[in-house]
Every structure is written in structure tokens, then in C-alpha cells.
Amino acid sequence: MKFGVVPIQEALGAILAHTRKLGAVSLKKGRTLSAEDLQSLAAAGIREIMVARLEAGDVDEDTAANRVAAACLGSGLSRSAAFTGRSNLIAEGAGVLVVDRARLDRLNAIDETLTVATLAPYDAVEARQMVATIKVIPFAVAESAVAAAEAVARSGDGAIGRVAPKRRRMTALNLTRIEGMIE
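An account of the pattern of salt bridges is requested, with residue identities and associated values reported.
Pairing between side chains of opposite charge can happen when the charged atoms of each approach one another. Counted by the stated rule, this structure contains six salt bridges. The closest approach of N and O atoms between R31 and D37, which form a salt bridge, is 2.8 Å. Take R31: its relative accessible area is 35%, and that puts it in the partly exposed class. Overall, D37 belongs to the buried group, its relative accessible area being 4%. A salt bridge links R101 to D105, with the nearest nitrogen and oxygen atoms 3.3 Å apart. One end of the pair is R101 and the other is D105, both in helix α3 (residues 101-108) and four residues apart, which spans about a single turn. It is possible to trace a salt-bridge network through shared partners that takes in R67, E143 and E150.

Before we move on, could you go through the nonpolar core and cite the residues and values that matter?
Within the largest apolar cluster, 30 residues are counted, with the highest numbers of intra-cluster contacts made by V68, C72, L89, L107, V131 and I134. Looking at this core, the elements that each hand over two or more residues are α2 (61-72), β8 (86-91), β9 (95-99), α3, β10 (114-118), β12 (130-136) and α4 (143-154). Tallying contributions element by element places α2 first for this core, with six residues. Not counting the four nearest positions on each side in its chain, L89 is found in contact with A69, C72, L73, L77, S78, R79, Q129, M130, V131, A132 and I134. Core analysis: the next-biggest nonpolar cluster, separate from the first, contains 13 residues, A11, L16, L27 and L33 among them.

Outline the sheet that holds strand β14 (residues 161-165), supporting the account with residue identities and numerical values.
Strand order in the open sheet formed by three strands is β11-β9-β14, and the pairing between neighbours is antiparallel. A strand with exactly one partner marks an edge of an open sheet, and here the two such strands are β11 (124-125) and β14. In the sheet, β9 pairs with β14 via five bridges, with the strands oriented antiparallel. The partner of G95 across the bridge, within β14, is P165.

Please provide a residue-by-residue account of the packing of α3 against α4, values included.
Where α3 meets α4, the axes come as close as 9 Å, and the angle between the chain directions of the two elements is 175°. The orientation of α3 with respect to α4, classified from their angle, is roughly antiparallel. Packed against α3, whose contacting residues are R103, R106 and L107, the element α4 presents A149, V152, A153 and R154 at the interface. The residue inventory of the contact of α3 with α4, partitioned by class, reads four nonpolar, no polar and three charged.

Each value, and the rule that gives it
Chains are numbered independently. Their residues run from 1 in the order of the written sequence. Thresholds applied to this predicted model are a pLDDT of at least 70 for local features of residues and 80 or more for the giving and counting of side-chain atom pairs; totals over whole chains, interfaces and linings are not thresholded and use all residues. Values reported for side chains reflect all heavy atoms of the structure, with hydrogen atoms and water molecules removed beforehand. Salt bridges are defined as contacts in which a side-chain nitrogen from Lys or Arg sits within 4 Å of a carboxyl oxygen from Asp or Glu. Residue exposure (1.4 Å probe, protein chains only): buried if accessible area is under 20% of the type maximum, exposed if over 50%, otherwise partly exposed. Numbering goes from the N terminus for both helices and strands, where a helix is a DSSP run of H or I of at least four residues and a strand is a run of E of at least two. Take the buried Ala, Val, Leu, Ile, Met, Phe, Trp, Tyr and Cys residues and link them wherever side-chain atoms come within 4.5 Å; each set so joined is a nonpolar core. Contacts between residues were defined by any pair of non-hydrogen atoms, one from each residue, lying within 4.5 Å. Strands are labelled as partners when DSSP assigns at least two bridges between them. Note on method: axes are straight lines fitted to C-alpha atoms, helices fitted across the in-contact stretch only, with angles between N-to-C directions ranging 0 to 180 degrees. Between 65 and 115 degrees an angle is taken as roughly perpendicular, under 35 as roughly parallel, over 145 as roughly antiparallel, and anywhere else as oblique. Each residue gets one of three labels, nonpolar for Ala, Val, Leu, Ile, Met, Phe, Trp, Tyr, Cys and Pro, charged for Asp, Glu, Lys and Arg, and polar for the others, Gly among them.

Next up, the structure:
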């Protein structure tokens, strides 16, 4: 990915690096600039703009977050569609969050552009509670980093995290009195 300041007439299709307020209109960072956006910028007197351009081998932030979230998804979890480079893992029901901490640490060491954060292993969770988030920090990440993260997430016995459902168990306590026992 390349960042740089370019004349607005060269920014078509580039990713806006910083939010720009144009009166009542706001162009949010991460937006792919359209011809209409460039006209609005020109009308506001802006001649140059900071943008990012993806290069060959880059995966956009939402695609990367979706792919890594899908690889991390274990039983009892669902995921949100990525937005601004973030996808969340959500508990489908009440239970205990089980996390393979060693694999999570290996995944997080792959590349500084990609991170996975979870609740603490063995935390009790409720239905519809967010238990993890996958975040791509810049606007894109290298395909090699995404593929490596997917491989680590899927290695071993499968997904990095899952929710072990709560189960009712029958228990019993037998009390016995022996003559002469102190109560």
C-alpha cells in the first residue's frame, strides 16, 4: 500500500487517508473516492489530498478482517460482517469462552497490521455478547499476512476460540450421621 499526497484530479479510486469536512458534508477516511467526491473537494478549494492506494498483493481491510474472523470462528460463535477493518465474534448462547492462547499469540505476532483480541479464556459469556474482535489497522494488509493468520487460526484442532455451552448437571450430597458425631 502506498500513501501520499496527490492532486485531486489523480485521486479517483484512491482511499481517502483522513476525514475531510466540506461544509455540511463529511468525507470519512477509508472512503474510496468517486468522481462526485473529487468535484466536492474541488468546489471546496482543495487541490491536493492524502490518499492510500492498494498495491498488487494487498487485501483491503474489510476482506482481510472477514477472512481472519472466519478462520477464528469456532462452535457457539457467529461473526459480524467487517466494517472499517473490524469483524467481531459473538457468542450464540451462554457458556464459557475457550481460547487457544498459544495460537492467538502466534497469530498476533504475524504482522503489526492485523490483531485479534478476545475476552480472557474461560470467561463466562452470555448470548449475543461480543467475545473477540479482529482488526486490520491500516486500509489493507499483505495477502501473505492474511494467509498466515488463517493458517495459524485453523491449525491444531480448528478454530482459536469457541463457546462451551452451559450444561445442567445433577449433583447430590449424602449426609450421614454417626452416633457420637458433633453437629
